[in-house]
Amino acid sequence: MNALRARSIMANFCKVPISSLPLPPSSHIVTHNLTPDPLTTPSPAEFFSDVLPNKPSLQRRARLLSKEAHFSYVNPMPLEFPYEITPPDPPAVIEDKAGYIEQWLSEREARHPSPVSSQIQPSLNKYTSKLRDRKRELIGLSETCLRDCLPHLDVGDAFEVLGKPALAPLIEEEVASTSSPEAEAIRQELVDVLSGHAVLMAPESSSGPSFAPWSARYSGHQFGVWAGQLGDGRAISIHVTPHPEDAETTYELQLKGAGRTPFSRTADGLAVLRSSIREYLCSEAMHALSIPTTRSLSLISLPDLPVIRERTETACIFTRVAETFIRIGNFEALSPPSNSFFLGGGQQDADYEALRQLVLKLEGINWEAGDAWGKELLFDVARRNARMVAAWQAYGFMHGVMNTDNISILGLTIDYGPYAFMDVFDSYHICNHSDGEGRYAYKYQPNMIVYACRALLDALSPLIGAEAAQGNKAVRPGWASSATPETLVSWRTAGKDLSKVEMEQIKYGKLMRKRLGLRRQEKMDQREIVQPLLDMMEAQQLDFHGTFRRLAFFHTGMMKEDNSDGLEVFIKGILSGTPDRDRMDHGKTWLDNVHGEEWAGEADFDSARQDAAKSANPRFVLRQWVLEELIKKVEGDHESGKCIMAKVMQMACRPFEPWGAEGDDTPSDDLPAEIREERRLCGLGDKRFLGFQCSCSS
């Protein structure tokens, strides 16, 4: 879908500024149905009236939450950490040092009322800080996320400010702005809220639900080792709003890199520009490939805020969107594995009542009749994640950090860190240079999803066993309060025995057939067609995506004896996607095995197959070399870099289009500059980036 059509669709809704985005009913706000940390942030009203002015360090201090808590209210506050707390001016003896620190933090909290951007009645109040006003620059805004998730959000003149997407420098005459003061104010409010400068809250409300930002508690297994409490160490959910076409579907807006939370441990709660660009682009690229994923809304650079990683970088706040960000680790936090030794920050005891409350509404469950749901939730999560990882494998995507705290219960790709798309095919490729043992290598990703689902089973097994013990009925409040340790063990054992056999199958054959443009499904396809192709690609060091895209142009006439030249040219074209072009010994045999009757049956079956295959195989892939080059350009110059990034986003969101005049034999040097750059970005790129491993540091 092109940008004009996307904007046309969004124009059909009554648009409102971000401060006027409606909240859903209380039943659809996750914080109204779960338990906040009762000792520190028990309600939005107390959070606003007591924590923010008097003890704001409770939000920033690493600590274990109470065992019944699902989350803690937290305000965005992106600042360097450790905090540089300045002494009084003029100098004075500080009698109450703890009180002085609390006052210093409080002065930087967004807790002072601020006017909203338009005359439209706001759904939430806006608050800003008196002493925190860093430069914030919008460098990315996703039209596809707005179209799909937030078509009612007015972004003012944001796209005009971002400029025209372009890879090559534009030579244009100065064009007078068509923006209005109101559009500028709406855009600035958007930037303020999505940068953590301003906060939207309803501490107390007579007309609707109360509301405050929050960070979630979860635990998890990291690289197969139990890590205890983890949680949203730099992610803060700032809003939730229903989709205007479907009130039952709500979208949560979450800032990543917005400052410390109780789950930050020793980290600063910030994100760097480099990693933010990677997640911003890949989330939308994955959606365009029909791979389930969280979505990208915006990128806002904080160029004056330094962040120390392997080198000194600058901060950036990325806004992502999803129906929920709940992970398998949220369940593990409330029902942790027993007898697990670990090196970490600690872990609370199990709280089975809190586990009961953390439920995803499932289709096919009669909630009024009290049907059991634990086992169905497990299988639903397993099915969703099986579909997700099947798409990963079919499109050569490697996540890099498949810890259980990074696995969504909705089967969404989440937490993009050292990810990569496959280039030269290597089934054992490891994209994360911190994964020394190759636990999360491409080949093992399906196994790791099974591992994560088993961790969910382990957490849910007491509840599943209890439901089975009472005739497959849902457990009631207080269901485990009087259970003996022996009963809990028996429930856990029964829950595992009832569930483990039904969650092992992970298939991706349908997607691979689609990529090859094959119509019929045969039992032997994986063994006789798909695997031999992958083996050949690996042996010949062929580019994964380039090979599939070129195979889309294959037609059966090439196999005729009088067209050997055409077949040779075709095979040479495939070989252009390998660093070693002198090897190709059995490509013809493979083509001969699959072309026959499979593609027969239509007058112009070659054309039909080509169209189907081209629509399933991307011309443009978000390769590592493209990302690294783009990051350097944006870091070097935001003004020109954001236009290049916007064009890369367009290509990533429309990956099947013939970018760079695909199929045109015109030499690249003779093409217009923009099309020449498109063609370059669709190539294999610098050989030094083949098999590139990325850092976890973000």
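Draft legend 1. Structural context of the overall build of the chain. What the chain contains, in helices and strands, is 23 helices and 14 strands. For the chain, whose C-alpha radius of gyration is 27 Å, the value lies close to the compact-globule estimate of 26 Å for 698 residues. Projected onto its principal axes, the C-alpha coordinates of the chain cover approximately 90 × 75 × 45 Å. Relative to its full complement of 698 residues, the chain shows a buried share of 57%. Considering only contacts within the chain whose residues lie at least 6 apart along the sequence, 74% involve residues at least 24 apart. When the accessible area of the chain is evaluated, it comes to approximately 29,700 Å², of which 50% is carbon and sulfur surface. For the chain, the centre of its 76 positive side-chain charges and the centre of its 95 negative side-chain charges are spaced 2 Å apart.

Draft legend 2. The sheet that holds strand β2 (residues 112–114), seen in detail. Pairing in this open sheet of 3 strands is antiparallel, and the strands run β2-β3-β5 from one edge to the other. Of all strands in the sheet, those bounded by a partner on one side alone are β2 and β5 (198–201). Across the sheet, the mean angle separating the axes of adjacent strands is 45° when strand polarity is ignored. The pairing of β2 with strand β3 (residues 125–128) spans 3 bridges and is classified as antiparallel.

Draft legend 3. Structural view of the packing of aromatic side chains. Taken as a whole and judged by the stated rule, the model has 20 aromatic pairs. Ring geometry for Phe47 against Tyr73: centres 6.0 Å apart, planes inclined by 35°, an arrangement best described as tilted. With Phe47 in helix α3 (residues 44–54) and Tyr73 in strand β1 (residues 71–73), the pair connects residues that are 26 residues apart, well separated along the chain. Since its relative accessible area comes to 0%, Phe47 is described here as buried.

Draft legend 4. A look at the pairing of strand β7 (residues 219–222). By the bridge criterion, 3 bridges tie β7 to strand β8 (residues 225–229) in an arrangement that is antiparallel. Residue pairing for β8: Ser219 is matched across the bridge by Gln229. Adjacent in sequence and paired antiparallel, β7 and β8 are bridged by 2 residues, among which Phe223 carries a positive phi angle near 55°.

Draft legend 5. Expanded view of unusual backbone geometry. Here the residue pair Phe81 and Pro82 is connected by a cis peptide bond, since its omega of 5° sits within 30 degrees of zero. Looking at where Pro82 falls in the secondary structure, it is placed in the loop between β1 and α5 (97–106). Here the residue pair Asp89 and Pro90 is connected by a cis peptide bond, since its omega of 5° sits within 30 degrees of zero. Within the secondary structure, Pro90 sits in the loop between β1 and α5. Although it is not a glycine, Ala661 sits at a positive phi angle of roughly 55°. Here Ala661 lies in the loop between α22 (638–653) and α23 (673–681). Looking at Ala661, the relative accessible area reads 24%, which means it is partly exposed.

Draft legend 6. Molecular detail of empty space enclosed by the protein. Following the criterion strictly, the structure yields 8 cavities of 30 Å³ or more and no others. Approximately 200 Å³ is the volume found for the largest cavity. Lining the largest cavity are 22 residues, with His70, Trp214, Ala216, Ile326 and Asn330 positioned closest to its centre. Taken together, the elements giving at least two residues each to the lining of the largest cavity come down to α2 (30–33), β6 (214–216), β10 (246–256) and α10 (328–334). Sorting elements by how many residues they give to the lining of the largest cavity places α10 first, with 3 residues. Looking at side-chain class alone, the lining of the largest cavity contains 12 nonpolar, 6 polar and 4 charged residues.

Draft legend 7. Representation of α3 in the model. Taken together, the buried positions of α3 are Pro44, Phe47, Val51 and Leu52. The arc that holds the buried residues of α3, viewed along the axis, is 90°, so those residues lie on one side. If you follow the buried residues of α3, they end up packed against α4 (57–60), β1, α5 and β5.

Draft legend 8. Looking closely at the layout of surface pockets. Considering only enclosed or pocket space, the largest pocket measures out at about 1,200 Å³ in volume. Around the largest pocket, the lining is made up of 39 residues, and of these Ser27, Val359, Leu360, Lys361 and Leu362 lie nearest the centre. Considering only residue class, the lining of the largest pocket consists of 18 nonpolar, 9 polar and 12 charged.

Draft legend 9. Seen up close, the packing of helix α15 (residues 509–516) against helix α16 (residues 525–540). Contact geometry of α15 with α16 gives a least axis separation of 11 Å together with a crossing angle of 65°. α15 and α16 meet at a crossing whose hand is left-handed. Residues Met512, Arg513 and Leu516 of α15 form the contact with α16, whose own contacting residues are Asp525, Ile529, Val530, Leu533 and Leu534. When its residues are assigned to classes, the contact of α15 with α16 shows 6 nonpolar, no polar and 2 charged.

Draft legend 10. View of the state of the cysteines. Applying the stated rule across the entire model yields 0 disulfides. There is no disulfide at Cys149, and the cysteine sulfur nearest it, in Cys145, is 4.3 Å away. As a non-bridged cysteine, Cys316 has Cys145 as the owner of its nearest cysteine sulfur, 15 Å distant.

Draft legend 11. Up close: the pairing of strand β12 (residues 312–322). Of all 11 residues making up β12, 9 are buried, and the element is well covered by its neighbours. In the sheet, β10 pairs with β12 via 5 bridges, with the strands oriented antiparallel. Bridge pairing in β12 places Leu253 opposite Val321. Across 10 bridges, the pairing between strand β11 (residues 295–308) and β12 is antiparallel. By the bridge assignment, Ile300 is partnered in β12 with Ile317.

Draft legend 12. Main features of the confidence of the model for the chain. Per-residue pLDDT for the chain averages 90, and the proportion of residues at 70 or more is 91%. Low pLDDT, under 50, characterises residues 1–10; the predicted model gives this stretch 15 contacts beyond four residues in sequence or across chains.

Draft legend 13. Summary view of helix α20 (residues 605–614). Taken together, the buried positions of α20 are occupied by Phe605, Asp606, Arg609 and Ala613. Projected down its long axis, α20 shows its buried positions confined to an angular sector of 100°, all on one face.

Draft legend 14. Examining the side chain of Asn406 more closely. Turning to its location among the elements, Asn406 is positioned in the loop between β13 (397–398) and β14 (420–421). You can call Asn406 buried: its relative accessible area is 10%.

Draft legend 15. Structural detail: the pattern of salt bridges. Going through the model one piece at a time under the given rule, you end up with 38 salt bridges. The shortest N-O distance in the salt bridge between Glu107 and Arg108 comes to 3.6 Å. By relative accessible area, Glu107 is classed as partly exposed at 28%. Classification of Arg108 by relative accessible area gives buried; the value is 14%. Of the charged contacts in the structure, one is a salt bridge between Arg680 and Glu629, with a shortest N-O distance of 2.6 Å. Residue Arg680 is found in helix α23, and its partner Glu629 is found in helix α21 (residues 624–636); the two are separated by 51 residues along the sequence. For Glu629, a relative accessible area of 24% puts it in the partly exposed group.

Cut-offs applied
- For every chain, the first residue of the written sequence is number 1, and numbering continues from 1 along that sequence.
- Restriction of local features to residues with pLDDT of at least 70 applies here, the model being predicted, together with a cutoff of 80 or more for giving and counting side-chain atom pairs; totals for whole chains, interfaces and linings are based on all residues.
- The side-chain numbers reported here are obtained from all heavy atoms of the structure, hydrogens and water having been left aside.
- Helix numbers and strand numbers start at the N terminus; a helix is a DSSP run of H or I with at least 4 residues, a strand a run of E with at least 2.
- The quantity called the radius of gyration is restricted to C-alpha atoms. Its globule counterpart is 2.2 Å times the number of residues to the power 0.38.
- When a residue's accessible area, from a 1.4 Å probe over protein chains only, is under 20% of the maximum for its type it is buried; when over 50% it is exposed; and in between it is partly exposed.
- Residue contacts are counted whenever heavy atoms from the two residues lie within 4.5 Å of one another.
- Under the convention used here, a 1.4 Å probe and the Shrake-Rupley method define accessible areas, while residue burial counts only the protein chains that appear.
- Positive charge is attributed to Lys and Arg, negative charge to Asp and Glu, and no charge count is given to His or to the chain ends.
- Every charge is mapped onto a representative atom, which is NZ of Lys, CZ of Arg, CG of Asp or CD of Glu.
- By the convention used here, strands pair only if DSSP detects at least 2 bridges between them.
- Helix axes are fitted to C-alpha atoms over the stretch in contact, other axes to C-alpha atoms as well, and angles between N-to-C directions run from 0 to 180 degrees.
- Geometry of aromatic contacts follows a simple scheme: Phe, Tyr and Trp rings, the Trp one being its six-membered ring, pair when their centres are within 6.5 Å, and the pair is stacked under 30 degrees between planes, edge-to-face over 60, tilted otherwise.
- Cavity means a closed set of points on a 1 Å grid over the protein atoms alone, one where a 1.4 Å probe fits but cannot get out, pocket means an open set with protein on both sides within 12 Å along at least 5 of 7 lines, and lining means a residue has an atom within 4 Å of a point.
- Grid points are joined across faces, edges and corners, and a volume is the space filled by probe spheres set on the points.
- Throughout, the ten residues Ala, Val, Leu, Ile, Met, Phe, Trp, Tyr, Cys and Pro are labelled nonpolar, Asp, Glu, Lys and Arg are labelled charged, and all others, Gly among them, are labelled polar.
- Throughout, the arc means that of the directions going from the helix axis to the C-beta atoms.
- Left-handed is the label given to a crossing in which the near helix is rotated counterclockwise from the far helix by less than a right angle, and right-handed is the label when the rotation is clockwise.
- The definition used for a disulfide is geometric: two cysteine sulfur atoms within 2.5 Å.
- On a scale of 0 to 100, pLDDT captures the predictor's confidence in every residue.
- Basic side-chain nitrogens of Lys or Arg form a salt bridge, by our definition, when they fall within 4 Å of a carboxyl oxygen of Asp or Glu.

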